[in-house]
Protein chains: 2
Amino acid sequence: MINYPNKKKSDNVKLTSTANRGMNFETMINQTNEFYLDNDIAVIYKKPIPIQIVSVDYRVRSAAKITEAYYKLPSTTDYNGIYKGYYIDFEAKETKSKTSFPIKNIHEHQVNHLRRVNEHGAISFIIVYFSVLGRIFFLDSKYIVDYYERSKTGKKSIALEEFIEFGKEIKEGYRKPVDYLSIIDEYYIKAPKI
Amino acid sequence: MINYPNKKKSDNVKLTSTANRGMNFETMINQTNEFYLDNDIAVIYKKPIPIQIVSVDYRVRSAAKITEAYYKLPSTTDYNGIYKGYYIDFEAKETKSKTSFPIKNIHEHQVNHLRRVNEHGAISFIIVYFSVLGRIFFLDSKYIVDYYERSKTGKKSIALEEFIEFGKEIKEGYRKPVDYLSIIDEYYIKAPKI
């Protein structure tokens, strides 16, 4: 595990600190994407957070100030881009649970989006960080779709054991904190398309 | 040309209305993307506008109100997605000029982004709407990169004649106002990859 600032406090943090901890996993993903970009390996970005802008103050023309806006529910996943000619699309989530990942952490339209892009030829997946365990899993969108369907009538979460059986564990690195492309190289790409 | 609300006023509008007119071209592109999505042809979205959030009022927890935020310069293009297994990436711009498109309307990092994704196997391009002429052109990112380089020492714009010679004109439609995938079908894709 890399030297992750909040790790020591994992077991004690309260729910209110979720945003910060989420930010840190997000930072790990973003740093990985920057490494890919800087080394010309892949071009993958986090999308901006969707905002509904209601009111803008234009008095200072050089820096229009948004004075009223609200968060919107995202229609798609947070990350997409291109790697070796493949369209890559994923969502990254963190859980403090030691045993399972609650399905409700992914919106239905995000599940539909992952399924859709996969049907059009994308490599689509989620990355889940079990922060207390310090383990990160890659899970193909086909499983997300199945588990999402299952959650409608049955289990509302994906068990750690299911990640171990059907997902791929991502090893942490220093310069590539969450090197998910290594999973894609190993399990999806036999020979480069381009 | 479709029945485009502001078209008649094209020659008289002042600079201040650019945003609205831009919105209308954006709406045309968004409607096209919705058609593609609804008919399971492609999954292509506009990215949210990047915003730097400074202050949020959480008093009403169900609807956190952003009270201070600023527009950020985008690092990438506005649109990306997947079509027939290809990663698609583009920027859409509008000009009221009848003769040329000013290069300064595209940021340098957007040009770099188009070049980068193209090197990784993307189909990347810009779509330029000459609103007064009612003509829409598709221009491959390779040309954008060249014209951008040229603008550093020479001409600061891409002439309409250059769009006619090196671009592809997009015909307007009713349900697909800007059917840019028809250009991709005709000039990029011989046989589907998937």
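Rules behind the numbers
Residues numbered from 1 in each chain as written. Chains lettered and ligands numbered in written order. Predicted model: local features only at pLDDT ≥ 70, side-chain atom pairs only at ≥ 80, totals over all residues. Heavy atoms only, no water. Phe/Tyr/Trp six-rings, centres within 6.5 Å; stacked < 30°, edge-to-face > 60°. Helix = DSSP H or I, 4+ residues; strand = E, 2+ residues; numbered from the N terminus. Buried < 20%, exposed > 50% of the residue type's maximum accessible area, 1.4 Å probe, protein only. Lys NZ or Arg CZ within 6 Å of the ring centre and 35° of its normal. Pairing = 2+ DSSP bridges. Axes fitted to C-alpha atoms, helices over the stretch in contact; angles between N-to-C directions. Contact = heavy atoms within 4.5 Å. Salt bridge = Lys/Arg side-chain N within 4 Å of Asp/Glu carboxyl O. Polar contact = N/O pair within 3.5 Å; in protein donor to acceptor, adjacent residues only side chain to side chain.

S.K.: Provide a residue-level description of the packing of aromatic side chains, including the pertinent values.
M.R.: By the definition in use, this model includes 27 aromatic pairs over all chains. The interplanar angle of 10 degrees and the centroid separation of 4.9 Å between the aromatic rings of Phe90 of chain A and Phe125 of chain A together place this pair among those described as stacked. Here the residue Phe90 of chain A occupies a position in strand β5 (residues 86-95), and Phe125 of chain A occupies one in strand β7 (residues 123-130), the gap between them amounting to 35 residues. Since its relative accessible area comes to 0%, Phe90 of chain A is described here as buried. Given the relative accessible area of 0%, Phe125 of chain A is considered buried. Plain terms: the ring middles of Phe130 of chain B and Phe163 of chain B are 5.4 Å apart, the flat faces sit at 80 degrees to each other, and that makes the pair edge-to-face. Placement of Phe130 of chain B in strand β7 (residues 123-130) and of Phe163 of chain B in helix α4 (residues 160-166) is noted, with a sequence separation of 33 residues between them. On the basis of relative accessible area, Phe130 of chain B is assigned to the buried category, the value being 0%. According to the relative accessible area criterion, Phe163 of chain B is buried, its value standing at 0%. An aromatic cluster is present here, built from Tyr36, Tyr79, Phe90, Phe125, Phe138, Tyr180 and Tyr188 of chain A joined pairwise through their rings. Against the face of Tyr187 of chain A rests Lys168 of chain A, its NZ or CZ located 4.1 Å from the ring centre.

S.K.: Go over the sheet that holds strand β2 (residues 51-57) of chain B, please, and point to the residues and values.
M.R.: Read across the sheet, 4 strands follow the order β2(A)-β3(A)-β3(B)-β2(B) without closing on themselves; strand pairing throughout is antiparallel. Every other strand in the sheet has two partners, leaving β2 (51-57) of chain A together with β2 of chain B as the edge strands with one partner each. Each strand of the sheet is rotated relative to its neighbour by a mean of 30 degrees, with strand direction disregarded. Across 6 bridges, β2 of chain A lies against strand β3 (residues 65-71) of chain A in antiparallel orientation. By the bridge assignment for β3 of chain A, Asp57 of chain A is matched with Lys65 of chain A.

S.K.: I'd love a proper account of the interface of chain B and chain A, names of residues and values included.
M.R.: At the interface, 39 residues of chain B touch 39 residues of chain A. Joining chain B to chain A, the criterion identifies 0 salt bridges. Linking chain B to chain A there are 7 residue pairs in polar contact (both at pLDDT 80 or more). Breaking the side of chain B that touches chain A down by element, the ones donating at least two residues are β1 (43-46), β2, β3 (65-71), β4 (79-83) and α2 (108-119) of chain B. Here the side of chain B that touches chain A takes 7 residues from β3 of chain B, the largest share from any one element. Here 4 bridges tie β3 of chain A to β3 of chain B, and the two strands are oriented antiparallel to one another.

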